[in-house]
Amino acid sequence: MLGASEARRVALAAQGFGSPHPQVVGMRQLQQVVGRVAQLQIDSVNVAVRAHEMPLFARLGPYDLGLLNRASGTNPRRVFEYWGHAACLIDVALQPALRHRMAAQVDRPWPDVLRIRSDHPHLFDEVRHLVERSGPVTARQVTHPDSRTAGSWWNWSDAKHVLEWLFATGELTVAGRNSQFERLYDTPQRVLPVAVHAASTPDVDEAEVILVRRAAAALGIASASCLADYFRMSTAATARAISHLVAAGELLETGVRGWQRPTYLWHQARVPRRLTVDALVSPFDSLVFERRRLLELFGVHYRIELYTPAAQRRYGYYVYLFVMDDTIAARVDLKADRSRGVLLVQSAWLEPGSPEAETASRLSGTLASMAAWLGLSGVDVVGVGTLAPALLAGARVPTRFLLRWGIRRWGSSLPRAAGRRLRPRRRR
């Protein structure tokens, strides 16, 4: 039986939190995070930073955003885009285990696919041939190829449906995203590493075990529904895989004090005695995929309020959780105000039981680090929320000063703002 605090530390360590930030973040460090979490969820909202870019910062600290673009958009790719928990950049080693999902799509055509097959049966072959000849291409490029008058081919909707269908079935894949965040479609043999493309396809049962195994390693401690949710698998498929992993000794039936459902401990999970963590996690971070697990682990009820009318929002438009050691101490609604060059804290809320002064001090340092990482000149706090007064009362070191002096002295590890004096963060 694990205690509540032990379970929190297991979960955080499994997700890659609690290790000292590296002085230099390179492809090896990125690969380590991908190896732990297996997938980075993609979301188009860019109010502060795109969802798939934030998990690396949360676990590694400031890094070159071009690193993730290279991992997903140049050979040899470390991640590829497909449907995992949602649209995700997934560890490329898992591509064979997801082929059964691609094959299943073939037998479940969408209504628009059926319509296009009936009205324009030639369309699929034409799109395939165009991508093979000219890829990687966007949907707009397929709709209006250079050799034809703009708008004279198929309408955008039909072209997009065909590309998305071929992507869903695995006939095409995504070579990356352009500056407008549009998918670049290409053939799998040009995108996937040779060894991955040539790897044999596991049968469905074996593939499901592979996915649940990766979910279990990424979560550390989880219920059956947590394991199913990680890659959005069915309850029945997850139950079969759990039985296999329990029999093999890879999952250990271990209760968690206060949880009302059976839980499983990954056999290689660490149970750290303590963790030192200062991290902001986005609504799409794999740490918080399953909201019931988040409530059971940390006592935090967390919902995305993007689509809630402004007057009805409780915490804000795009709210990040602040993980402090083995607790969630605060939540902040963040926006990168690029016109003013600041990271705007639109609201800040202290979680019940968290120490106000310490939380404000440590969160201030993390916000300054995030602002510097995004190339912003400082942090601006709006006086909304229970933690906002403490953040406003604390001295803030302008990020432009951190960029000139702090990075030169500490590398990628930025100093924290504390009181009215700048104190370098001690090495951990």
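First things first, this report covers the structure right here in the doc.

Cut-offs applied
- Residues numbered from 1 in each chain as written.
- Predicted model: local features only at pLDDT ≥ 70, side-chain atom pairs only at ≥ 80, totals over all residues.
- Heavy atoms only, no water.
- Helix = DSSP H or I, 4+ residues; strand = E, 2+ residues; numbered from the N terminus.
- Buried < 20%, exposed > 50% of the residue type's maximum accessible area, 1.4 Å probe, protein only.
- Contact = heavy atoms within 4.5 Å.
- Pairing = 2+ DSSP bridges.
- Axes fitted to C-alpha atoms, helices over the stretch in contact; angles between N-to-C directions.

## Description of unusual backbone geometry
Here comes step 1: The omega torsion across Asn75 and Pro76 is -10°, close enough to zero to call that bond cis.
Here comes step 2: Here Pro76 lies in the loop between helix 4 (66–73) and strand 2 (79–83).
Here comes step 3: Phi is positive for Ala38, which is not a glycine, with a value near 75°.
Here comes step 4: Mapped onto the secondary structure, Ala38 falls in the loop between helix 2 (27–37) and strand 1 (39–41).
Here comes step 5: Despite not being glycine, Arg232 shows a phi value in the positive range, around 55°.
Here comes step 6: With respect to the helices, strands and loops of the structure, Arg232 is situated in the loop between helix 13 (224–230) and helix 14 (235–247).

## Looking at helix 1 (residues 4–14)
Here comes step 1: Taking burial as the measure, the eleven residues of helix 1 include eight buried ones, the bulk of the element.
Here comes step 2: When we look at burial in helix 1, the residues that qualify are Ala7, Arg8, Arg9, Val10, Ala11, Leu12, Ala13 and Ala14.
Here comes step 3: For helix 1, the elements touching its buried residues are helix 2, helix 12 (204–219), strand 6 (221–222), strand 8 (264–266), helix 15 (291–298) and strand 10 (319–324).
Here comes step 4: Positive backbone phi, at 95°, marks Gly16, one or two positions downstream of helix 1.

## Here we look at the sheet that holds strand 13 (residues 378–381)
Here comes step 1: Spatial strand order, 9-10-11-12-13: five strands in an open sheet with mixed pairing. At either margin of the open sheet sits one strand with a lone partner, and together these are strand 9 (278–281) and strand 13. Here the average twist between neighbouring strands, direction ignored, is 35°.
Here comes step 2: Sheet analysis places strand 9 next to strand 10, joined by four bridges and oriented antiparallel. Along strand 10, the bridge assignment pairs Leu280 with Phe322.

## Points about the sheet that holds strand 8
Within a sheet, neighbouring strands are paired by backbone hydrogen bonds and run either parallel or antiparallel to one another.
Here comes step 1: Ordered in space as 6-8-7, the three strands form an open sheet in which the pairing is antiparallel. The open sheet has two edge strands, strand 6 and strand 7 (251–253), and neither has a second partner.
Here comes step 2: Contacting strand 6, strand 7 and strand 8, helix 12 runs over the sheet at an angle of about 85° to strand 8.
Here comes step 3: Helix 14 rests against strand 7 and strand 8 of the sheet, and its axis sits at about 90° to strand 7.

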